[in-house]
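# Observations on the model geometry
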Amino acid sequence: MDYPQIVSPILHFLHCSTPQAWIDKARDPDNLPLLLTDHLVCELKAAQTAMLLVRKYVADKQGADALLAWLQPYEAFAFREGPEPDFVALHKQIGKSVMPRTDDPWGQALIDSMVLLIKEELHHFWQVREIMQARAIPYVKITASRYAKGMLKAVRTHEPLTLIDKLICGAYIEARSCERFAALAPYLDADLQKFYLSLLRSEARHYQDYLTLAQQVSAEDIGERVRFFGEVEAELITTPDTEFRFHSGVPA
């Protein structure tokens, strides 16, 4: 895999690189349990975001219920201290067969890209969980970072502008994940480095999928709105942050 080639468009898209102060804190072995725990939750939240988009804008009741059922065991484990399910067995149940079909080309594009994204993010979720188990890191619930909330605060409140903004936010969150995996990988042990670099291709594709969907649903060019959210995102990444998380800013 050509890592620089994958990451190059992302570095061009983002308005700033991850500050060295964050990398220094993230590479400290004492912070690895927290980082992996937050990474696990971020993968689930990415799947939830994609699920909510399909449920709100495209899915019929059957498809909406199927999506909820896919995520329910993961959510029960991560957010409600439910029993740990067999993630490998769960993953085999996920497919497009129960998803709604639509005559709307944009709606079908949303279904196709988001269902693939959900499948990949849930796969990453249990890969992170396996790494935690192999290192005897228990799963402990943690608070969310300010990052996604800070992005969504700037979303406009009427459709289709709400949808366009949410898709652009999704693009930035996926792009930042990709950039952080690449920035952090050189400082990690061989197993973790290999895993983080293996995630780059899917994260890079996810950000492009979100941008494509946003432009397709918009009657206007979205360039100005993309730049606006780039500035919002960069501020969250480069300003002091009291909590250390996967998408946090400069450690305060």
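All values reported here derive from a predicted model rather than from experimental measurement. (Residues numbered from 1 in each chain as written. Predicted model: local features only at pLDDT ≥ 70, side-chain atom pairs only at ≥ 80, totals over all residues. Heavy atoms only, no water.)

## What to know about the packing of aromatic side chains
In total, this model carries 15 aromatic pairs according to the counting rule given. Geometrically, the ring pair formed by Trp 22 and Phe 244 is tilted, given 5.8 Å between the ring centres and 35° between the ring planes. Here the residue Trp 22 occupies a position in helix 2 (residues 20-26), and Phe 244 occupies one in the loop between strand 1 (240-241) and strand 2 (250-251), the gap between them amounting to 222 residues. Summarising the burial analysis for this pair, Trp 22 and Phe 244 share the class buried. Aromatic ring contacts, followed pair by pair, group Trp 22, Phe 181, Phe 195, Tyr 196, Phe 244 and Phe 246 into a single cluster. (Phe/Tyr/Trp six-rings, centres within 6.5 Å; stacked < 30°, edge-to-face > 60°. Helix = DSSP H or I, 4+ residues; strand = E, 2+ residues; numbered from the N terminus. Buried < 20%, exposed > 50% of the residue type's maximum accessible area, 1.4 Å probe, protein only.)

## So, the pattern of salt bridges
All told, the structure shown has 11 salt bridges when counted by the stated rule. One salt bridge connects Asp 165 with Arg 225, and the closest N-O pair in it is separated by 2.9 Å. With a gap of 60 residues between them, Asp 165 in helix 8 (residues 161-184) and Arg 225 in helix 11 (residues 223-238) connect regions that are remote in the sequence. Take Asp 165: its relative accessible area is 0%, and that puts it in the buried class. Here Glu 243 and Arg 245 are joined by a salt bridge, their closest N and O atoms 3.2 Å apart. Judged by its relative accessible area of 28%, Glu 243 falls in the partly exposed class. (Salt bridge = Lys/Arg side-chain N within 4 Å of Asp/Glu carboxyl O.)

## Considerations on the environment of Asp 191
For Asp 191, the position within the fold is in helix 9 (residues 190-198). Classification of Asp 191 by relative accessible area gives exposed; the value is 60%. Counting along the chain gives 58 residues from Asp 191 to Gly 249, while the straight-line C-alpha distance between them is 26 Å.

## What about the nonpolar core?
Counting residues in hydrophobic clusters, the biggest one holds 84 residues, and the most contacted among them are Phe 13, Leu 36, Met 114, Ile 118 and Tyr 196. Looking at this core, the element that brings in the most residues is helix 6 (residues 105-134), giving 13 residues. Those residues in contact with Met 114, other than ones at most four positions away along the chain, are Ala 50, Leu 53, Val 54, Tyr 210 and Leu 213. (Core = buried A, V, L, I, M, F, W, Y, C linked by side-chain atoms within 4.5 Å. Contact = heavy atoms within 4.5 Å.)

## Focus: the side chain of His 124
Relative to the helices and strands, His 124 resides in helix 6. Relative accessible area serves as the criterion here: at 5%, His 124 is assigned to the buried category. Those residues in contact with His 124, other than ones at most four positions away along the chain, are Glu 43, Phe 195, Leu 199, Ser 202 and Glu 203.

## As for the packing of helix 1 (residues 3-13) against helix 8
As a packed pair, helix 1 and helix 8 sit with axes 10 Å apart at the nearest point and diverge in direction by 125°. The orientation of helix 1 with respect to helix 8, classified from their angle, is oblique. Here the hand of the crossing between helix 1 and helix 8 comes out left-handed. Along its contact with helix 1, which presents Val 7, Ile 10, Leu 11 and Phe 13, the element helix 8 presents Ala 171, Tyr 172, Ala 175, Cys 178, Glu 179 and Ala 182. For the contact of helix 1 with helix 8, a count of residues per class yields 9 nonpolar, no polar and 1 charged. (Axes fitted to C-alpha atoms, helices over the stretch in contact; angles between N-to-C directions. Parallel < 35°, antiparallel > 145°, perpendicular 65-115°, else oblique. Left-handed = near helix turned anticlockwise from the far one by under 90°. Nonpolar A, V, L, I, M, F, W, Y, C, P; charged D, E, K, R; others polar.)

## Section: the confidence of the model for the protein
With 96% of its residues at a pLDDT of at least 70, the protein reaches an overall mean of 91. By mean pLDDT, the top-scoring element of the protein is helix 11 (98), and the lowest-scoring one is helix 5 (residues 87-91) (80). (pLDDT = per-residue confidence, 0-100.)

## Quick look at the environment of Leu 53
Note that Leu 53 resides in helix 3 (residues 32-57). Separated by 113 residues in the primary sequence, Leu 53 and Lys 166 have C-alpha atoms spaced 8.9 Å apart. Here Leu 53 is in contact with Val 58, Leu 110, Met 114, Leu 163, Leu 167 and Tyr 210, once residues within four sequence places are set aside.

## Thoughts on the packing of helix 4 (residues 61-79) against helix 6
Packing of helix 4 against helix 6 leaves a shortest axis separation of 12 Å and a crossing angle of 20°. The orientation of helix 4 relative to helix 6 falls into the category roughly parallel. Seen from above, helix 4 lies across helix 6 with left-handed handedness. Only Val 115, Ile 118, Leu 122, Phe 125, Trp 126 and Arg 129 of helix 6 make contact with helix 4, whose side of the interface consists of Leu 67, Trp 70, Leu 71, Tyr 74 and Phe 77.

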